[in-house]
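# Descriptive analysis of the structure
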Amino acid sequence: MTLRTVGWVVIVESLIVAAFLLPFGRLSDIVGRHRTLRVGVVLFGLGLALTGFAPSFIVLIGARIVTAFGNTLMQAVGTGILVAAFPEEQRGLALGAQTTAVAMGAALGPLLGGLLLDQVDWHVLFLCLAVLAALTLVVVHRSLGADPVSDPSPIGPFDRAGAVLAATFITVFVLALNDPFGFGLTSPLTIVGALMAAGLGFAFVRVELAHDSPMLDLRLFRLGAFRRAVIIRLLAFIASTTVLFLVPIYLIGIRQMTTRIAGVLLALYAVGMIVGAQISGRVYDRLGPRLPILVGLTLQLAVLALVATLGEGSPVALIALVTIGNGLGLGLWNVPANSVMMGAMPKTSFGVGGAFTNVTRTVGSVVGQAGATAVVAGVMAARGFDVPLGEVAETSGASGAFIEGWRATYIVAAVVTLVAIAVALRLTSGADRPTEVSR
């Protein structure tokens, strides 16, 4: 598989998650977040099982679509359920715990996945995950009681026009950005797609501002803290995702490491994120968002500069430092930025609020993946190399072209992080809370 073809496995799921997070989040505020979560877990497990039995790449893509819809439903309500269960003064602690749980899963995923892939076919891995989804459904059923939001009257009717425009806008935007069909950035079709995305985005804003009960209250962007937190999350995820996306390719495709060793190195990212999330959640509750965000972004900038120096013979210890540092930085800036956004939301909109925080992460990740792919693939193509990832190391000169594109990618990512730092400098410090701003 070439890099462009493999990208479809990521793109198709990211596309669905990004497009439907807001509509599903708003719908959950009306029909119930717990009910939405249960349906999401069922679809997620079904998609994993279908992935495990996929006999071809086309069927695999179809299975990932089913998985993506389940994933979207779960992401749309997870943060909202959590924030609703904790008092405002413990919001940082709660979201820090959530990020820690995510990080623990992210640590075990590549670690156990790498061990399993050394022994069994990759299909078995997804069947094991389907079993975990079934166990999750049992836990959800036993742990969650009646939905805290069951009366739709104070929320208003579902904004169908806003939902359709949001999903269509993000779909066209992501497709135009990723160019999965290989049209080229200067192709008339790509340009038309970009113009369509701009038109749909403008229409979405107009519809939401005119609606009595909008899917997403865009007036929140008048709040400086909320607006800056959104920008920080988008930019920071664009930059940090380049590490998550390219480092596995570098370890296995360029350095020829086994999946077991690569899994251990990638698991260090989650270890760093656990530490960062625990620290930043407590600091946020006491001092506000500015300090942990600035420290996290500064660390991320240092990591990106270090990643740009990696080559075909870089020591493993340096790679380990990069992965754990990237996770630590993300844990430090992610929790307070997320808390600022959720603090601006009314309780009746925690579902769509949590969904929107995940939209910023997903869109940032998609942009980061697309940018990294475009830069690396562009540099390699300019040097005359368009070979399957598994053949890069064996093809004379291809590894050097990959590393050249790799370094260009991280220079761009470092610049993006610098912009995020400039935005973070304008956040309030001290004990200011986003909930005070929202009042």
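Residues numbered from 1 in each chain as written. Predicted model: local features only at pLDDT ≥ 70, side-chain atom pairs only at ≥ 80, totals over all residues. Heavy atoms only, no water.

A word on the overall build of the protein chain. From N to C terminus, the protein chain includes 14 helices and zero strands. For 439 residues, the compact-globule estimate of 2.2 N^0.38 gives 22 Å, and the C-alpha radius of gyration of the protein chain, at 21 Å, lies within 12% of that figure. Within the protein chain, the fraction of its 439 residues that count as buried is 51%. Sequence-distant contacts in the protein chain: of pairs separated by 6 or more residues, those separated by 24 or more amount to 85%. Here the protein chain has roughly 18,700 Å² of accessible surface; of this, 71% comes from carbon and sulfur atoms. Counting 27 positive and 21 negative side-chain charges, the protein chain places the averaged centre of each group 7 Å from the other. (Helix = DSSP H or I, 4+ residues; strand = E, 2+ residues; numbered from the N terminus. Rg over C-alpha atoms; globule rule 2.2 N^0.38 Å. Buried < 20%, exposed > 50% of the residue type's maximum accessible area, 1.4 Å probe, protein only. Contact = heavy atoms within 4.5 Å. Areas by Shrake-Rupley, 256 points an atom, 1.4 Å probe, with all protein chains shown as cover. Lys, Arg positive; Asp, Glu negative; His and termini not counted. Charge placed at Lys NZ, Arg CZ, Asp CG, Glu CD.)

Turning next to a nonpolar patch on the surface. On the surface, a cluster of nonpolar side chains totalling about 360 Å² of accessible area is made up of Leu129, Val131, Leu132 and Leu135. By the element assignment, Val131 lies in helix α5 (residues 122-143). (Patch = residues over 30% accessible without salt bridge, like charges linked within 9 Å, V, L, I, M, F, W, Y side chains within 5 Å. Salt bridge = Lys/Arg side-chain N within 4 Å of Asp/Glu carboxyl O.)

Peptide bonds are trans in most cases, and residues, glycine excluded, mostly fall at negative phi. At Gln256, a position not held by glycine, the phi torsion is positive, near 60°. Locating Gln256 in the fold gives a position in the loop between α8 (224-254) and α9 (259-287). Looking at Gln256, the relative accessible area reads 45%, which means it is partly exposed.

Packing of helix α11 (residues 316-343) against helix α12 (residues 350-382) brings their axes to within 9 Å, and their N-to-C directions diverge by 145°. As α11 packs across α12, the resulting crossing turns out to be right-handed. From α11, Asn338, Met341 and Met342 reach across to α12, where they touch Phe350, Gly353, Gly354, Phe356, Thr357 and Thr360. (Axes fitted to C-alpha atoms, helices over the stretch in contact; angles between N-to-C directions. Left-handed = near helix turned anticlockwise from the far one by under 90°.)

Before going further, it helps to spend a moment on the environment of Ser349. For Ser349, the location among the structural elements is in the loop between α11 and α12. In this structure, the C-alpha to C-alpha distance between Ser349 and Ile30, residues 319 residues apart in sequence, is 9.3 Å. The contacts of Ser349, once residues within four sequence positions are left out, are Arg26, Asp29 and Arg33.

Our next topic: the confidence of the model for the protein chain. Per-residue pLDDT for the protein chain has a mean of 83; in total, 90% of the residues score no lower than 70. Per-element confidence in the protein chain ranges from a low mean pLDDT of 40 for helix α14 (residues 434-438) to a high of 94 for helix α10 (residues 290-307). Overall, residues 149-153 carries pLDDT values under 50, and its contacts beyond four positions in sequence, including any with other chains, amount to eight contacts. This model gives residues 430-439 a pLDDT under 50, and the stretch forms 24 contacts once residues within four places in sequence are excluded. (pLDDT = per-residue confidence, 0-100.)

Running from amino to carboxyl end, α8 crosses helix α13 (residues 398-424) at an angle of 160°, the nearest separation of the two axes being 9 Å. It follows that α8 is roughly antiparallel to α13 by the angle criterion. When the axes of α8 and α13 are compared, the crossing they make is left-handed. By residue class, the composition of the contact of α8 with α13 is 21 nonpolar, four polar and one charged. (Parallel < 35°, antiparallel > 145°, perpendicular 65-115°, else oblique. Nonpolar A, V, L, I, M, F, W, Y, C, P; charged D, E, K, R; others polar.)

Scanning the model with the defined rule gives three salt bridges in all. A salt bridge links Glu13 to Arg64; the nearest nitrogen and oxygen atoms lie 2.8 Å apart. Highlighted residues: Glu13 in helix α1 (residues 3-31) and Arg64 in helix α3 (residues 57-85), separated in sequence by 51 residues. This pair shows no difference in class: Glu13 is buried, exactly as Arg64 is. Put simply, Arg219 and Asp217 hold a salt bridge, and the shortest N to O gap is 2.9 Å. Judged by its relative accessible area of 47%, Arg219 is partly exposed. Residue classification places Asp217 among the partly exposed residues on the basis of a relative accessible area of 29%.

By the secondary structure assignment, Phe169 is in helix α6 (residues 160-178). Of the residues examined, Phe169 reaches a relative accessible area of 26% and is grouped as partly exposed. Separated by 29 residues in the primary sequence, Phe169 and Ala198 have C-alpha atoms spaced 7.9 Å apart. With near-sequence residues (within four places) excluded, Phe169 lies in contact with Ala197, Leu200 and Gly201.

Before going further, it helps to examine helix α2 (residues 33-52). In a regular helix each residue adds 1.5 Å, so 20 residues correspond to 28 Å; α2 covers 29 Å between its end C-alpha atoms and thus fits that length. Listed in full, the buried residues belonging to α2 are Arg33, His34, Thr36, Leu37, Gly40, Val41, Gly45, Gly47, Leu48, Thr51 and Gly52. Buried residues in α2, looked at end-on, bunch into an arc of 165°, giving them a common side. (Expected span 1.5 Å × (residues − 1). Arc of directions from axis to C-beta.)

Our next topic: the nonpolar core. Of all hydrophobic cores here, the largest spans 54 residues; its most connected members are Tyr250, Leu297, Phe402, Trp406 and Tyr410. For this core, the elements supplying multiple residues, two or more each, are α4 (91-117), α8, α9, α10, α11, α12 and α13. Non-local contacts of Trp406, meaning those with residues more than four positions away in its chain, are made with Leu246, Val247, Tyr250, Val307, Ala308, Leu310 and Val376. The next biggest cluster of nonpolar side chains, apart from the first, holds 51 residues, and it includes Val140, Ile170, Ala225 and Ala277. (Core = buried A, V, L, I, M, F, W, Y, C linked by side-chain atoms within 4.5 Å.)

Now for α5. Helical geometry: 3.6 residues make up each α-helical turn, so side chains three or four residues apart lie on a common side. The end-to-end C-alpha distance of α5, which contains 22 residues, comes to 32 Å, matching closely the 32 Å that a straight helix rising 1.5 Å per residue would cover. For α5, the full list of buried residues reads Leu125, Phe126, Ala130, Ala133 and Val140. Burial along α5 is one-sided: seen end-on, the buried residues are contained in an arc of 145°. Every exposed residue of α5 that faces more than 90 degrees away from the buried side is listed here: Val131, Leu135, Val139 and Arg142.

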